[in-house]
Amino acid sequence: MGKAFSKPVSLSDTMTHYCPGCTHGIVHRLVAEAIDDLGIQGKTVGIAPVGCAVLAYNYFNCDFQEAAHGRAPAMATGIKRVRPDLIVFTYQGDGDLASIGMGEIIHAANRGEKFTTIFINNAIYGMTGGQMAPTTMPGQRATTAPTGRDTELTGMPIRMANLLKELVTPGYVTRQAVLNPKQINRTKKAIKKAFEYQVEGKCFSFVEVISTCPTNWGLTPLDALTWAQDTLLPYYELGDYKIPE
Amino acid sequence: MAKVLMKGNEAIGEAAIRAGCKNYFAYPITPQSEVAEYLAKRLPEVGGVFLQGESEVAVGYMIFGAAGAGERVMTTSSSPGISLMSEAISYIAGAQVPAVFVNIMRGGPGLGGILPSQGDYFQATKGGGHGDYHLLVLAPDGVQEAVEMTMNAFTLAEKYRGPVMIMGDGLIGQMMEPVEFPDTLKTEPSNKDDWATSGMDHRKSDKRNLVKSLFLDPTELNNNNLALKAKYDQMKREEVLYEGYNTDTDYTVLIVSYGTMSRVCKTAIDMMKEQGIEVGLLRPKTLFPFPEKPVFDAATKESCKHVISIEMSMGQMVEDVERSVKGRREVDFYGECGGDIPTPEKIIQVIKALL
Ligand SMILES: Cc1ncc(C[n+]2csc(CCOP(=O)(O)OP(=O)(O)O)c2C)c(N)n1
Ligand code: SF4
Ligand SMILES: [Mg+2]
């Protein structure tokens, strides 16, 4: 019998800096598994965001570039346009992608750039210590919304998958979560599918992943999973939003 | 090769292709949009990549991405656009990848105007973006030099693995002059495999490459800055370019001027010569590294009593002139920056007032 469980080759053998219970690590593993499954490690270039995943390049064993805050989709565009044979993915948080980098993601998606974006929606700015994100829930407390997000002043949370679905350009847009094993399996399939579309040269592919930030939510890892399930999922509905013909 | 009559902006686009650059990303802005229009037609003919980005912010990172992957790449813009690209320029310098930026300057600050200016000297030579970095800055005085400098810019960017800027102004971009394209210079960066994210398979290597500017460890960050400093020191030793005009005479006034402005100064110098007044011109062709010693030597020539920096700005390069002259002569300044270029008559009047 072969080994039942081992570290993906595309993942480095290093300790991560992520907090206990943070789901960034799970998504890293799923991305690395997809890269292994498709045998594309040698031609993959990842783009790290500015956010807790800024050091992602330490955890993946493939070429990597580090973007400025929000600019990963523009950087991916530059790489993919001049080297269409490479497999390019961005890995971005919700502050990075849905706030400062909103312009870059919308236009890359609308041009149908043939790269893959993994979007970690944890409803908060993790790295800088729990400030409000465009994805923060109404009433959810953040260091810059000490009494909870007031939607009168800051609007409603942005649903990126819903927004990108509306673009007329074909693409693959899905929202998944990593709060329980079943969801994790589905997310793995979605991430693999996203890379497959790229390998086929088909379209832009976007996987939003509802994640946790126990540290800045002020919850234990387990309570964070429950809170995300009860509070985030009713607003951020899971499923495929757009599939290319 | 025969001379052809070309607009500066189009000649810059053609020069990039002749230098082996097949990748161009840009956002339209007057007075340089013709580069994009020219390359939108030309690049597909040579199997190249043309993309109009959604903003100069995004274009800066398209350049960064393509350069990081090890491909020759260029963008062109004008002052407000360069401000937006300055974030990416800082990252490109920090991550040490070669890229070519062209600034066809217009008047500022703010939206300013669309006429020629030299108001971005500080931005180009002293920073623009954050952190300890410099661009290697080349300043052509016409279409021919714009072509040569654009072609050399790729070689320099690769030699120093960093950003290089061509500083033209609206006049150089818009005017037509006969140009001759030098034979294609094409040097592949030999050490590309050591740093470019070209894919491990592509390099036949199992060592992955990282392009980044984050160094959380203070020693590592200091080392990165020391590596940059070493490059800037090497540029100062090896890349300084300048031209002397009428400097073999016993001139009493030395003008320091660059780009379009220096051409007007040359006309004024010729006119004054006929009136028996000798004036010398020192024209920096590299703004960084600045020709400090040549300026010092020309300024401290026995016959020279006055030094004046003449710019299409309110006085920017003059600070480098003062620094170079080290207090041995008083340094004056004259400039206009609304978009009207000072006439030779105006310059003669300014020079005569010094005497
Ligand atoms: C231009 C710029 N502005 C602000 C910052 C500070 N900053 C770093 S990370 C971050 C927020 C990241 O949040 P998110 O994208 O949600 O990622 P997370 O840490 O939650 O995974 C901010 C504001 C920066 N590095 N650069
Ligand atoms: S701060 Fe939040 S997002 Fe960042 S590593 Fe910790 S738990 Fe994860
Ligand atoms: Mg976040």
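This is a predicted model, so every value here is computed, not measured. (Residues numbered from 1 in each chain as written. Chains lettered and ligands numbered in written order. Predicted model: local features only at pLDDT ≥ 70, side-chain atom pairs only at ≥ 80, totals over all residues. Heavy atoms only, no water.)

A.B. asks: I tried to follow the overall build of chain A on my own but got confused; where do I start?
C.D. replies: On a plain count of helices and strands, chain A comes out with nine helices and seven strands. For chain A, the spread of C-alpha atoms along the three principal axes comes to 50 × 45 × 30 Å. A burial count over chain A gives 57% of its 245 residues as buried. Considering only residue pairs separated by 6 or more positions, chain A has 69% of its internal contacts joining residues 24 or more positions apart. Total accessible area computed for chain A in this model is approximately 9,600 Å², and 56% of it derives from carbon and sulfur atoms. Here chain A contributes 23 positive and 22 negative side-chain charges, whose respective centroids are spaced 5 Å apart. (Helix = DSSP H or I, 4+ residues; strand = E, 2+ residues; numbered from the N terminus. Buried < 20%, exposed > 50% of the residue type's maximum accessible area, 1.4 Å probe, protein only. Contact = heavy atoms within 4.5 Å. Areas by Shrake-Rupley, 256 points an atom, 1.4 Å probe, with all protein chains shown as cover. Lys, Arg positive; Asp, Glu negative; His and termini not counted. Charge placed at Lys NZ, Arg CZ, Asp CG, Glu CD.)

A.B. asks: Hey, could you run me through the coordination of the magnesium ion (ligand 3) in this one?
C.D. replies: Between any two of four tetrahedral donors, the ideal angle at the metal is 109.5 degrees; between two of six octahedral donors, it is 90 or 180 degrees. Residue and element names in this part refer to chain A. Only D94 (OD), N122 (OD1) and I124 (O) from the protein coordinate the magnesium ion (ligand 3), and they sit 2.0 to 2.2 Å from it. Within one chain, the residues serving as donors to the magnesium ion (ligand 3) are arranged as D-x27-N-x1-I. Of the two residues, D94 sits in helix α3 (residues 94–100) while N122 sits in the loop between β4 (116–121) and α5 (151–154), which places them 28 residues apart along the sequence. The pair D94 / N122 is uniform in exposure class, with both members buried. (Donors = N, O, S within 2.8 Å, 3.2 Å for Na, K, Ca; no water.)

A.B. asks: Which parts of the structure should I look at to understand the site of ligand 1?
C.D. replies: Residues and elements named next belong to chain A. Neighbouring residues of ligand 1: 16 residues in total, closest C52, D94, D96, G126 and M127. In this structure, M127 approaches ligand 1 through a main-chain N or O atom, which is 2.9 Å from an oxygen atom. A total of 600 Å² of accessible area belongs to ligand 1 in isolation, and the protein chains cover 77% of it. (Near = heavy atom within 4 Å. Polar contact = N/O pair within 3.5 Å; in protein donor to acceptor, adjacent residues only side chain to side chain.)

A.B. asks: Before we go on, may I ask you to explain the domain arrangement of chain B in this structure?
C.D. replies: How big an interface is tends to be reported as the loss of accessible area on association of its parts. All names here are of chain B. Once the domains are mapped, chain B shows domain 1 (4–185) and domain 2 (242–354). Across the interface of domain 1 and domain 2, roughly 2,200 Å² is buried in total on both sides, 52% from carbon and sulfur atoms. When the buried area of domain 1 at its contact with domain 2 is split by residue, Q118, Y121 and D141 rank highest and sum to 34% of it. One salt bridge connects K285 with E145, and the closest N-O pair in it is separated by 3.5 Å. Our count for the domain 1 to domain 2 interface comes out at 14 residue pairs in polar contact (both at pLDDT 80 or more). Counting only elements with at least two residues in the side of domain 1 that touches domain 2, the list comes to α5 (121–126), β6 (136–138), α6 (143–160), β7 (163–169) and α7 (170–174). (Domains from an automatic or database assignment. Buried area = accessible area lost by both parts, 1.4 Å probe. Salt bridge = Lys/Arg side-chain N within 4 Å of Asp/Glu carboxyl O.)

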